[in-house]
Amino acid sequence: MEYCECLSPPIPTPQMAAPRVAVVGAGLIGLSTALRIAEVNPNCCSITLLSEQFSPNTTSDVAAGMLIPHTYPGTPIHVQKQWFKETFTYLFAISNSAEASEAGIHLVSGWQIFKNPSEAEVPFWSDIVLGFRPMSAAELQKFPQHSHGQAFTTLKCDCPPYLLWLEKRLKANGVQIHTRKVADLWELHSEYDIVVNCTGIGARQLVGDQQLFPIRGQVLKVHAPWVKNFIRDGDGLTYIYPGIDSVTLGGTREKESWRLSPDPGTTKDIFDRCCSLEPSLQRAQDIRVKVGLRPSRSCVRLQREVLSQGGAKLLVVHNYGHGAGGFSVHRGTAEEAAHLVQECIAALQGSSSRAKL
Ligand SMILES: Cc1cc2nc3c(=O)[nH]c(=O)nc-3n(C[C@H](O)[C@H](O)[C@H](O)COP(=O)(O)OP(=O)(O)OC[C@H]3O[C@@H](n4cnc5c(N)ncnc54)[C@H](O)[C@@H]3O)c2cc1C
Ligand SMILES: O=C([O-])CC(=O)C(=O)O
C-alpha cells in the first residue's frame, strides 16, 4: 500500500487541457471517491462516473451501514484509525445539519456484548465514537447470556438514501454519470487520462486480483419502530441495527461464497438469534431478505499504477477491498484516493510541460 502527502491543487497551464478522470463503480466507494475528487479539484479536471449497476443494486445497498470499524490485518492501525476518524467527523457534521434526514445519517446508541471477558478489550476506535464506557451491571441484566459489554453512541447510514444523496451531490458538482460495464481498464485509455477503480468485488475479474474474495452476508430488514438501541454480539455474527425506516437484523459471514440468492434456513436462524437478544422482535413485520458480497482483502487496495501499451499510458488509482467495513472508513479512503489522483494530475502536467520544451 502507498501513503501519500497531500499536494496543493494543481492549476492547469494554458497549454494543457483539463485532465479527464473516470471513476468506475457506483457503490459507496465509487460515489464517495468521485465526490472527494470533485471537491478537491474544482474546475481542474472533468470527472465521469461509469458503472454497471447503481443503487439499489449494489452491495452497498445491502449493508447495515453502522460505523463500527472492522480491522484490516494488512493496514497499520493508526491509518485505519485516521480513516475512521475522518469518516465519523464528516458524517457527524451531516447528522447535525438540515441534510440529515435526506442523507439518511443519524446517531444511534446501544451495546456491544460479550460472553467471554477476554474478548471485551477496548477497541482502537473507542475514543472516536461518543461516550464509550463499560456497560453497567444494570444494563447487563438485559442480556443474561453475556457477562461483559460496551456502551457507546455511533452513527448509522441508511444505505440507499445515503447513496442517492451522494449521487445528487455528484450531479451538483458537474460529474457526468453513465451506465457502462468495463471489461478491461485499458479500454478507457483513449477517452480518459486517469481511471479510478472502485469496483468492489468486481475488481476480482476486472483486474484479476486473486487476493480479493467474497464474504457472503445475509441480512433481514424488518419493520419494528419501537427498537431504538443497537445490539451487537461481539462475535460479529448477530446484530440488531435500528435505522430511520427499518431495523437491520444480521447476519452471516460465508467466505468464498458467491451465492446471491437468500437462504430460507438462514433467514429463520438470523431471526431466532436476534429475538433471543431482543424478544420484542417477535412482533416485527414486513420482513425483507437481502444478500451482499463483502469485497474482502487483507488490506484496502489504495494504490497508483501506470498501465502502458505501445508507448501509450493510462494512470490508474485503485480504491477497493473494503470488506465488512466500507461504511466505517469510506470518507477516509476517498480522501486518500483523491490525493493519489492529484499526484497523477501533477505527473500529467509535468510530462505535458516537458513535452513543450
Ligand atoms: C450484509 C452486509 C452488511 C454490511 N454492514 C456494514 C456495516 O454495518 N458497516 C460497514 O462499515 N460496512 C458494512 N458492510 C460492508 C460494506 O457494504 C462494503 O464494504 C461496501 O459496500 C463496499 O462498497 P463498494 O463501493 O466497494 O462495493 P459495491 O457496493 O459492490 O460497488 C461496486 C460498484 O462497482 C460496479 N462495478 C463492478 N465491476 C464493474 C465493471 N467491471 N464495470 C463497471 N462497473 C463495475 C458495481 O456495479 C457497483 O456499482 C456490509 C456488507 C454486507 C454484505
Ligand atoms: O459486523 C457488523 O456489525 C456489521 C457489518 O459490518 C457486516 O455485517 O459486515
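What you see is a predicted model; the values in this text were computed from it and never measured.

Concerning the nonpolar core
If you look at the biggest cluster of nonpolar residues, it comprises 65 residues, and the most contacted ones within it are Leu49, Leu91 and Tyr162. When residues of this core are assigned to their parent elements, the largest contribution, nine residues, is made by helix H9 (residues 326-356). Setting aside anything within four residues of it in sequence, one finds Leu91 in contact with Leu67, Ile105, Leu155, Cys157, Tyr162 and His330. In terms of nonpolar packing, the next biggest core, distinct from the first, is built from 21 residues, Trp111, Ile113, Met135 and Cys274 among them.

Some points on the pattern of salt bridges
The tally for this structure, following the rule as stated, stands at 19 salt bridges. For the salt bridge of Asp209 with Arg297, the shortest nitrogen-to-oxygen distance reads 2.9 Å. With Asp209 in the loop between helix H7 (203-206) and strand S8 (213-223) and Arg297 in the loop between strand S13 (285-296) and strand S14 (301-309), this residue pair connects regions lying 88 residues apart in the sequence. Across the pair Arg273 and Asp269 runs a salt bridge whose closest N-O atoms are separated by 3.2 Å. Taken together, the residues span about one helical turn, with Arg273 and Asp269 both in helix H8 (residues 264-277) at a distance of four residues. Residue classification places Arg273 among the buried residues on the basis of a relative accessible area of 18%. Taking relative accessible area as the criterion, Asp269 reaches 39% and is therefore assigned partly exposed. Salt bridges here are not isolated pairs; linked through shared partners, they connect Arg36, Glu39, Arg331 and Glu335.

Section: the UniProt feature "domain: FAD dependent oxidoreductase" (unreviewed entry) in the protein chain
In the numbering used here, UniProt assigns the "domain: FAD dependent oxidoreductase" (unreviewed entry) feature to residues 20-340. Taken end to end, residues 20-340 has its terminal C-alpha atoms 15 Å apart, with 28% of it in helix and 31% in strand.

Overview of unusual backbone geometry
For the peptide bond that leads from Ser55 to Pro56, omega is 15°, which places it in the cis range. Positionally, Pro56 belongs in the loop between strand S2 (46-51) and helix H2 (59-62). Cis geometry is adopted by the peptide bond preceding Gly251, which originates at Gly250 and carries an omega value of -5°. Residue placement: Gly251 occurs in the loop between strand S11 (247-250) and strand S12 (254-255). Backbone geometry at Glu256 places phi at a positive 65°, although glycine is not the residue there. Locating Glu256 in the fold gives a position in the loop between S12 and H8. Accessibility expressed as a relative area gives 44% for Glu256, which makes it partly exposed. One non-glycine residue, Asp286, lies in positive phi territory at about 55°. Tracing the sequence through the fold places Asp286 in strand S13. Residue Asp286 is classed as exposed on the basis of its relative accessible area of 52%.

Rules behind the numbers
- Residues numbered from 1 in each chain as written.
- Chains lettered and ligands numbered in written order.
- Predicted model: local features only at pLDDT ≥ 70, side-chain atom pairs only at ≥ 80, totals over all residues.
- Heavy atoms only, no water.
- Core = buried A, V, L, I, M, F, W, Y, C linked by side-chain atoms within 4.5 Å.
- Buried < 20%, exposed > 50% of the residue type's maximum accessible area, 1.4 Å probe, protein only.
- Helix = DSSP H or I, 4+ residues; strand = E, 2+ residues; numbered from the N terminus.
- Contact = heavy atoms within 4.5 Å.
- Salt bridge = Lys/Arg side-chain N within 4 Å of Asp/Glu carboxyl O.
- UniProt positions renumbered as here; feature names shortened; annotations may be inferred.

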